Each structure stands twice: as C-alpha cells, then as structure tokens.
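Secondary and tertiary structure notes
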Amino acid sequence: MDKIKLATVWLDGCSGCHMSFLDMDEQLLALADAITLVYSPLVDFKEFPPDVDVTLVEGAVSSEEDLHKIQMIRQRTKLLVSLGDCAITGNVPSMRNPFGPEAILERAYLEDGLINPVIPTVNVPPLLKTVQPVHTVVPVDVFVPGCPPPAGVIYEAVAALTEGRTPNLHGLTRFGK
Amino acid sequence: MNSNVVTLSINGKEVSGRDDETILELALENGIQIPRLCYLEGLSIVGACRLCMVEVLGAKGLIAACATRITEGMVVQTDSERLAEYRRSILEMLFAEGFHVCSVCVANGHCELQTQAAHAGIDHIDLPYLYPRRKVDASHRLFGLDANRCILCTRCVRVCSEIEGARTWSVSGRGIEAHIISDFATPWGESTTCTSCGKCVQVCPTGALFMKGASTAELEKRTDFLSWITAMREQR
Amino acid sequence: MLSDELKRITGHELEERQPLKHRLHVCMGTGCISAGSDRVKTALETELRVMNLDGTYAVTTGGCRGLCAAGPLVAIDGDTNIAQRVTTENVPELVQRMTDLPDSLRLPTEMPFFRNQKKVVLEYSGNLDPNRIDDYITAGGYTALNHALTEMTPAQTVDEIMRSGLRGRGGAGYPTGLKWQTVAKAHGERKFVICNGDEGDPGAFMDRSVMEDYPFKVLEGVTIAGYAIGAQQGYLYVRAEYPLAVKRLKSAIRQAEKIGLLGSNIGGTPFSFNIDVRLGAGAFVCGEETALIASIEGKRGHPRPRPPYPAARGLWGCPTLINNVETFSSIAPIIRQGADWFAGIGTEKSKGTKVFALSGRVNYTGLIEVPMGTTLREIVFEIGGGIPDGRQFKAIQTGGPSGGCIPAEFLDTPVDYESLAALGSIMGSGGMIVMDDTSCMVDVARYFMEFCKTESCGKCAPCRIGTAQMHDLLTIITAGQATLEDLERLEKLCDMVRSTSLCGLGQSAPNPVISTLRYFRHEYVSHIVDHHCPAGVCSALSQPQEAAE
C-alpha cells in the first residue's frame, strides 16, 4: 500500500494540538509506516506541496495570512481535518470577536504600560474582523474536537483516514476535552 | 390524590405508570433517557429547551415529554432520525447563540450543554456564531454570572422563587435579547433579596452561574439537594 | 323585564329623532380621524348652527365604512348617500347639496367595493354612534342577549353556536361551539370569558375597527358567552396601542352597567356578569392565549405548553373561554337570526363571513367583510378594484407573520380555512396585503422574519434563536452574500423551528419563508446565484433592466 501524504498546519492556536499529536508516543511509529509527513511545523519544509492526501489544521482563521494559507491548502488537499477546538469553534482566539481587533490591539500594545507603545504593522499580517472557525471559510471533511484532542483520538482519526475509513470519534472526544 | 394506572408504549416497550405522571418521568423510571436541559426534577415545568420533544402516534405535532401527561394507550417514540436531527439543531443553536468556550470554562467536563452535545454527536457548529456581547457580573461576594454561557433554561429563576423563596432572578428582555437579571437589573452583589444560598449556582446546567475561586473544569454542580427538600416538603 | 327596558329606550330614542330631517354620520374611526374627520365634524356642527339648521339636522359620531382610502367619510342618513374626502373647506358645499351631492364629493356607493360585501360582524356599517348605547339598542342591539337569557338555556345557547358552524376568527379556526361546550362542561367553581383584542399582525386592523365602532356588540357577545358557559366574569384584553378602542369599550361597559346589562341579575334574571378591560403592553406574543392569560394574571407574557388548554385550566387555573373580538361579534347576529341563517352563508366547512383588512398595492384599501368562499380574485380585483398604476399582481399575503404569500395562479381559490392552509398560508385574523411586481419576495420574507425575531418572547430555544438565525440568513441573501448552502440551512431551520417551537408564534414564524420558497424559489436563487433582485428592491444587488435604464 502506498503511504499517504500527511501535512499539518498551525494557524491561530497554541500548538497544543501539535503537542498532543506528539504525545502519541509509540503509536507514532505505527503511523510512520502508513504516512509520509510532507509539511508541518514539526519538520522543515518551506513550501506546502500540491496533492496532499490529508491535512490536519490546528488553530482558527484570525489573520489575512491564515485565510490565504487555508484557501491554498484546501486546493492542494484531498481531506481537510479540523484538529482541535480552535480550528472547529474559534475557541480562545475567537474570544476577541465581541470586541473587534482594534480594541484587542490597543489593549495589548498601547494600554499595558509598555516602554514603546506602538501597534506593530510591519511584517505582521493584518487581523481579520472576526476570528473564524476553519469550516466557515473552506469546506472541512473531518472534525476532531478537543482542547487539545487526546493523542489517542488523533491517532484513531489519522489511522482511520490512512485505512480509508471515516473516523468514528463519537464518545471519544468533545469540545473542551 | 386520585390517579389511575395507565399502560402505554415507549420505544416499543410496554410500560405503565400513574396518569398524573409525565412522559419524561415515566421514561426515566424505566431507564429510558430523553435529552433535556430546562427540566430538573423538583422544579416546575417550563418546556422551554425543546430537547425532550418526542413523537406520539396520532398527535398533530411533536410533544414535549416533560410537559405532557401520559394517557392510556399512548404510543411514544423518544428517538428517531428526525428527533435526533432537531435535537442536534437546537443544541447547535444554543452554542451559536451564547459564547461557549469550553476549554476555559469552570464547568468544563461537568456541563450539561456540553454533555448533551457530545451525546448528540456534535463535532462542529454549522450555524454562524452570533457573538453577543453579554455581561459578566462578578459583584457578588461568593458567586459570579457569565451571561455568555447562559442558555435561558430558567432553572435559577425557578429554584430561587420556588425553593428558596427569594425571587432574586427573573428574565428581562424579549427574543434573542432575553437575559437573566437579579432584582431590578441591579448588580447581583447589591441584591437585597439574594440570600447567598447558592442554589441557583448548583442547578445551573452550564458555567453561567459559578462559584468564585473555582478554576477551569473545577466546578462540579450538585442538584441532589432538590430531591431532599421536595421530599421533606411532601412529608410535612 | 329586559325587553320592556329595551323597548322603552328605543321608543325614547326614536322620539328624539322625530324632528330630525337628516342625520349626518361622520366616521370617527382611527383612519378617518387621521385624515381629519374630527375637524370636519366640528366644522359641520358650526355650519349647521350658522345656517340655523341644528334643530333639524343632527351630526353624529359614526363608525368605519371600510373604505379608509376615501376618508374622511360623511354618511347622510344611511349607506347610499355618502360624501367622501370631506374637508373643512368643502363642508358648506356638503351642507347645501346634502341630498344631491356633487360628483366631487359623492362616493359611488354602487361600486363593487360596497356591493360585493356581506356584512354580519359589520352589520351596522358605521351608522351607529359607538359612544351611545341607546343607538345600539335602537338598532336592535341586546335583543340577542335578551332572547338567550329569557328563552334559551345555557346548553341551548351553546348548541345554537355549535349548529351555526362558527369557527374561531383569531386565525386557527377552531369550532367555537365545541370550545364553548368544553368550557361549559369543565368542572370549576369559577369560570372566565376572555375576549382577545390583542390584534398585532402588521397590516391588520379588523378587531380594532370592530372594538372602536361596535363596542356594545362585543360586550353583548361576551355576555352571552358568559351565560352559556356559566361564567361570572369576563375580560377584554386590548392592546394599549388602541387607545380609542379602550376608551370606547370602557365607556360602553359603564353604560351597560348603568342600565343593568352588566352586573348583578341582568334583566331581572339570576344571571350576573361583569366585564373588565385589561391592557396589553404591546407584546405580539400576548395574542397567544396562554401568554395572554399570564399577562392578565400580572405575570410576564410568556406562553406555556398546552395541554392543559385554557378550557380546562386557564385564568388563575380556572376553566376559561377565550375567543377573538370578531368571533364574539358574530354571536349576537347568530342568536338573533338563528344558527341556520348563519350556516347558510359561506362554504361547507367555513360558515359565515370574514372581515379582512385589505391593504398594500390595491386601489381600494380598507376594511371589508365577505362571505367565506369568496375568491381571492373577487377580493383583489372587484372589491379592491385591482392593482394601481397598471402594475402586475404578484402575490397576496394572508395571515400576517404566521401566514404566507399566495401567487397569481391561485387567485381563484375560495377563501376558507382549509383552502388557504392547503396553499401554505392561513386564514389568520384577517390581514390581506396585496403585492405587485415591485415587491421582492425574499425581502417580504425577511420583513416578516424580522417581526417574529423582535416579537419572539425568548422563552423557547427554537423560536428565540431560530428566528434570529433565519433573519440573519435572509439578510445575507438580500445582500447577495449567501450561498446555496445557506439556503439549505434556512430550509432546515424552517422545518425545525416549525416542528419544535413552544407556541404558535414560533411554530408559524417560518411560514412566510416556506410559502415564498414554495412559489418564488427562483427569486431566492436569483439573489444567491446571479446576485440579482428581480423586483429591484434589494439595493445591494443588480437591478432589473427596466429600472436600470
């Protein structure tokens, strides 16, 4: 059987989902036989390759960069997996939504008694008006809730996809797990 | 009290109960779970969350199991693909209405909304989030109210008026603007009616009402006091 | 004896009128008042005094004649000689040519608007002074109550209503007699009658007009109901936005009490009955019977699950009969002229007549009463005089925010409860809004959904959140920002909200969307796929060719 090409990306999140992924411990070895990791913050590939089989997305869509990235990834991926609550619900990043990005930037960069209070504009992507779950901007095929999803659940999801099954996570995880 | 024993069928199983019982009560007695959020044994029935809707053969529409008494020969179905879809839809709407960030909520892991969603197999919310900007009232010495987590089940309103007798809580506003207020929409901490008994906190199904000092996922709520109080009242 | 008293009052009234040559009924309904009829009335009185005619001509406060578009209206003696669009300027001309009105003033009363109506609820056609019980009694008022009290048992009264085939005019069409019988048979030390005057549909003003013009007829109906079901107390629940109706009803109650038509031992019989007015504070949901009852009890106007129905457990837990204003106004005519007469009007399943408030894009807007079974075409094109400005008829909206839009191909449908329901709309309380090709059906649906969202009480989750979500979806469709998946979401929400909401408000809130999707789906698709609003209403989208030129 051909190995499936797996990518993982990190949008607006805390990297906890990636940590949980690594927490799979010896199950990683089992996965390694079935996948080739072609793009990930865990490895050093610069370009997101075309024709990826499965992409795990951690994090919400918060900035214009996130938006462009996820749209590009969607085009190059057969199955897109929203991994964790940030990708699925917006979670903690979306807590700024009722206030708007300006208020948040002011609070973080101007009001907190910094030595040089200025809102950064160079080399940082502009924030979107509201933080969005991934599936509101591109179609998502599989949802793996949890904050972070337990390692075993991630394993089950990825393993199922490598075997061509639809993952059945009912009862294994939930929002906030 | 005069009541007769009636026999009916729930999910194809023949069951019997007193005719002053509701479908929900009889189902629970027989180990049949029906999803619910506003219902709580010991409090009056409001039929507001609509999760306990069931199919009754011959009825014009769906029936709220919590608010409907059983009758002889009733044929009740508590679970079907249609009901499951409606329940998922209602739960999704509740998630989209307020602002439920499970990962940082005091009730994470002990939240009835979260549990119901997990049971219903909800793994994402398809409807747009409404992102309301609701208040957090931390003025009370012991407790707090985060209205973003409120699902308007009105258990707090009922326990406060029916069990504690303080009538601190009520509902203000209409439609999507409806919300819980203490006294005349004054801060909870300044309430002249609140006895600080904490019953509202215990019956609240989510983290909307919480105990100060409880951290994420620490707040486990206990509603068993209700059955003690109601049992003692009945004996008196 | 009640009949002697009624005869005495009638005799006295006729004697008073003896020296009068003509009586001028100035319409003092809300429509005509807003067009200046109160000033016209004062001017008429002054003019007659100046001309020294005030001994032989009487100016009286009249009721609504239905054709609000032609107001202010002044009727001379009766239904055939009516002056329209009267102003303070043309009052002298009116007085001079009273029996031979110039064409500029004469209302063509032979027009289909008047000819094709049949009046039962509005039987006095605005010829009564709503402030005077003597006027009502002289026109035959209270003979029905007298007849019921002296010649019928309560059971016979219920039976008469049952046989008449009258159905609830509030919208749902539940058989009135059956409801009366249920309450009559219910066990309870106290029973109540409630008249639901919380009319709230946009574009509906039937009940307002009936309460303003015929307050005594409403009281008579409610009193007969009290006798039939064994109640001692009645409540008129009227929305506070109807100050004139409230004023006239309160005055009517005082007058009826004064001559013993309300109070203890009415007409010397053992039957005692009182009526009070209760004001609604403007919540649409309080038209729903359980919310209305909560409101009378002084609680927040929230509906509760039924059963138990109010007939078993209503006001303060007592068996309660609750009917709408128009239903109660049909009672006296039925008792007076008999169930068979009433049952002879209308269709097989929908008996009698129905009052409609005709508004929107139609030449003659106003209040009409037609036999059940009259076709929509007759209402729009004959009575209503068709569509103005040479535009095309597009749809007629019935039943307000709980109803639906019926397109042109069903114009020949006879209006009755069943046929309107089969078309995905409802009879409703009687609002009829005519729309032409300048109306965007998505925008219409959005408008009604906004109404339901604002008026949802917030108690049950499906209605509270569902109406808000549906309104948001309709808004992005009209803004051209929606996808076909959004349309699918909208349809799913419609089904869920309809099936799971607690009360009629939520259960029927999706109807305007469902019915416009049923007949005008192409307009939704056009908004979504082509970013085009065919009617040229939605400004964010491209406009139709002719508008762009």
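Residues numbered from 1 in each chain as written. Chains lettered and ligands numbered in written order. Predicted model: local features only at pLDDT ≥ 70, side-chain atom pairs only at ≥ 80, totals over all residues. Heavy atoms only, no water.

**Topic: helix 3 (residues 64-76) of chain A**
Residue and element names in this part refer to chain A.
- For helix 3, which comprises 13 residues, the first-to-last C-alpha distance of 19 Å matches the rise-based estimate of 18 Å (1.5 Å per residue) to within 8%.
- When helix 3 is considered as a whole, its buried residues turn out to be D66, I70, I73 and R74. Looking straight down helix 3, one finds that the buried residues subtend no more than 100° of arc, so they occupy a single side. Opposite the buried face of helix 3, by more than 90 degrees, sit the exposed residues H68 and Q75.
- Where helix 3 is buried, its residues contact strand 1 (4-10), strand 3 (52-58), strand 4 (61-63) and strand 5 (77-83). (Helix = DSSP H or I, 4+ residues; strand = E, 2+ residues; numbered from the N terminus. Expected span 1.5 Å × (residues − 1). Buried < 20%, exposed > 50% of the residue type's maximum accessible area, 1.4 Å probe, protein only. Arc of directions from axis to C-beta. Contact = heavy atoms within 4.5 Å.)

**Some points on helix 19 (residues 441-455) of chain C**
- Spanning 15 residues, helix 19 of chain C covers 21 Å between terminal C-alpha atoms, matching the ideal 21 Å at 1.5 Å per step.
- Where helix 19 of chain C is buried, its residues meet strand 11 (393-398), strand 12 (404-407), strand 13 (431-436), helix 20 (461-478), helix 22 (504-508) and helix 23 (511-529) of chain C.

**Quick word on the domain arrangement of chain C**
All names here are of chain C.
- Annotation of chain C at the domain level lists domain 1 (2-111), domain 2 (141-342), domain 3 (353-436) and domain 4 (441-548).
- Taking only C-alpha atoms, the centre of domain 3 and the centre of domain 4 are 22 Å apart.
- Domain 3 puts 17 residues into the contact, and the matching count from domain 4 is 17 residues.
- In this assembly, domain 3 packs against domain 4 so that about 1,300 Å² is buried in total across both faces, 63% of it on carbon and sulfur atoms.
- For the pair domain 3 and domain 4, the interface holds 1 salt bridge.
- K394 is paired through a salt bridge with E523; the nearest N and O atoms lie 2.7 Å apart.
- On inspection of domain 3 and its partner domain 4, the count reaches 7 residue pairs in polar contact (both at pLDDT 80 or more).
- Secondary structure elements with two or more residues in the side of domain 3 that touches domain 4: strand 11, strand 12 and strand 13.
- Taken together, the residues of the side of domain 3 that touches domain 4 break down into 9 nonpolar, 6 polar and 2 charged. (Domains from an automatic or database assignment. Buried area = accessible area lost by both parts, 1.4 Å probe. Salt bridge = Lys/Arg side-chain N within 4 Å of Asp/Glu carboxyl O. Polar contact = N/O pair within 3.5 Å; in protein donor to acceptor, adjacent residues only side chain to side chain. Nonpolar A, V, L, I, M, F, W, Y, C, P; charged D, E, K, R; others polar.)

**Here we look at the packing of helix 19 of chain C against helix 23 of chain C**
Residue and element names in this part refer to chain C.
- Packing of helix 19 against helix 23 leaves a shortest axis separation of 8 Å and a crossing angle of 135°. On the basis of the axis angle, helix 19 is oblique to helix 23. The interaxial crossing formed by helix 19 with helix 23 has left-handed handedness. Only P512, V513, T516, F520, E523, Y524 and H527 of helix 23 make contact with helix 19, whose side of the interface consists of M441, V442, A445, F448 and M449. (Axes fitted to C-alpha atoms, helices over the stretch in contact; angles between N-to-C directions. Parallel < 35°, antiparallel > 145°, perpendicular 65-115°, else oblique. Left-handed = near helix turned anticlockwise from the far one by under 90°.)

**Observations regarding the interface of chain B and chain C**
- The interface is formed by 30 residues belonging to chain B together with 30 residues belonging to chain C.
- Both faces considered, chain B and chain C share a buried interface measuring about 2,400 Å² in area, 60% of it formed by carbon and sulfur atoms.
- Of all residues in chain B, the largest losses of buried area upon contact with chain C belong to Y86, M93 and R174 of chain B, amounting jointly to 26% of the total for that side.
- Counting across the chain B and chain C interface gives 3 salt bridges.
- Between D126 of chain B and R489 of chain C there is a salt bridge whose closest N-O contact spans 2.7 Å.
- For the pair chain B and chain C, the number of links is 15 residue pairs in polar contact (both at pLDDT 80 or more).

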